[in-house]
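Here are the chains, one letter per residue:
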Amino acid sequence: MKERTYVMLKPDGVRKHLLLEVIKRFEQNNLMITNLKEMKLTEELIHEHYAHVSDKPFFPKLEEYMLSGPVIAMIIEGEDAVNRVRKLMGPTNCKEALPGTIRGDYGNKDDENCRTYNVIHGSDSVENAEIEVNRFFPELKEENKSLKKTIR
Ligand code: IDP
Ligand code: MG
């Protein structure tokens, strides 16, 4: 099924100049980047986006990481986009991510940091993708309603 998903190059990914590399990987896999912008996250946005881990001991470190520089927010469309983007990213822990995945190739491999500094975010379900697209691209709200019907 054609879907869209929310992808975010995290601050370490921006610092490592990985934007073109990740776009290339998505495009070569027949996924289309339909929207892209640079933005600086706020504490409020981080708490909302990472509400599912906000009670974990690592949350302050995650928050500091996500505030450490700008991110690149993207909407990506294509067949089975949510799962295919997750596969191209690799698992959360960069030490477990295989070479050839974005996290496996570019994430932090230190024991202390491999679970946090993992370069990229991708929505984990179609439902969350819609929530995240609306969260990070609120300016598309009206367009979003019709986009669902006119997916490329
Ligand atoms: P995901 O990004 O692979 O979907 P989530 O479980 O949604 O993983 O966690 C959100 C983010 O929180 C991760 O991408 C990572 O940056 C950070 N994180 C997750 N688990 C840990 C952990 O055990 N230690 C430190 N940071 C973590
Ligand atoms: Mg997640």
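Refer to the structure presented above.
From a predicted model like this one, the values you see are computed outputs, not experimental measurements. (Residues numbered from 1 in each chain as written. Chains lettered and ligands numbered in written order. Predicted model: local features only at pLDDT ≥ 70, side-chain atom pairs only at ≥ 80, totals over all residues. Heavy atoms only, no water.)

Colleague: I'd love a proper account of the pairing of strand β3 (residues 71–79), names of residues and values included.
Modeller: The buried count for β3 comes to eight of nine residues, which makes it a mostly enclosed element. Relative to β3, strand β1 (residues 2–9) runs antiparallel, the two sharing eight bridges. Looking across to β3, one finds that Thr5 is bridged to Ile76. Sheet topology note: the strand β2 (residues 32–39)/β3 ladder contains seven bridges and is antiparallel. Residue Asn35 lies in a different strand from β3, and its bridge partner there is Ile75. (Buried < 20%, exposed > 50% of the residue type's maximum accessible area, 1.4 Å probe, protein only. Helix = DSSP H or I, 4+ residues; strand = E, 2+ residues; numbered from the N terminus. Pairing = 2+ DSSP bridges.)

Colleague: Requested: an account of the site of ligand 1, with residues and values cited.
Modeller: Taken together, Lys10, Tyr50, His52, Phe58, Leu62, Arg86, Thr92, Arg103, Arg115, Thr116 and Asn118 form the complete shell of residues around ligand 1. Between ligand 1 and Arg86, the relevant distance is 2.8 Å, taken from an oxygen atom to a side-chain nitrogen or oxygen of the residue. Between ligand 1 and Thr92, the relevant distance is 2.6 Å, taken from an oxygen atom to a side-chain nitrogen or oxygen of the residue. Relative to its unbound accessible surface of 530 Å², ligand 1 loses 81% to contact with the protein. With respect to the detected pockets, ligand 1 is housed in the largest pocket. Its residues assigned to classes, the shell around ligand 1 shows three nonpolar, four polar and four charged. (Near = heavy atom within 4 Å. Polar contact = N/O pair within 3.5 Å; in protein donor to acceptor, adjacent residues only side chain to side chain. Areas by Shrake-Rupley, 256 points an atom, 1.4 Å probe, with all protein chains shown as cover. 1 Å grid on protein atoms, 1.4 Å probe; cavity = no way out; pocket = protein on both sides within 12 Å on 5 of 7 lines; lining within 4 Å. Sits in = over half its atoms within 2 Å of the grid points. Nonpolar A, V, L, I, M, F, W, Y, C, P; charged D, E, K, R; others polar.)

Colleague: Can you break down helix α5 (residues 81–89) residue by residue, with the values?
Modeller: Each α-helix turn comprises 3.6 residues. Residues three or four places apart therefore point the same way. Of the positions making up α5, those classed as buried are Ala81, Val82, Val85, Leu88 and Met89. Taken down its axis, α5 places every buried residue within 135° of arc, on the same side. At the C-terminal side of α5, Gly90 shows a positive phi close to 90°. (Arc of directions from axis to C-beta.)

Colleague: How would you sum up the layout of surface pockets? Please name residues and give values.
Modeller: Size it by volume and the largest pocket reaches roughly 530 Å³. Looking at the largest pocket, it is lined by 22 residues, and the ones nearest its centre are Lys10, Tyr50, His52, Val53 and Thr92. Contributing elements (two or more residues each) for the lining of the largest pocket: α4 (59–66), α5, β4 (120–122) and α7 (126–136). With four residues, the top contributor of residues to the lining of the largest pocket is α7. The residue inventory of the lining of the largest pocket, partitioned by class, reads six nonpolar, eight polar and eight charged. (Points joined across faces, edges and corners; volume = space filled by probe spheres on them.)

So far we have only geometry, and geometry alone does not tell us how the molecule works.
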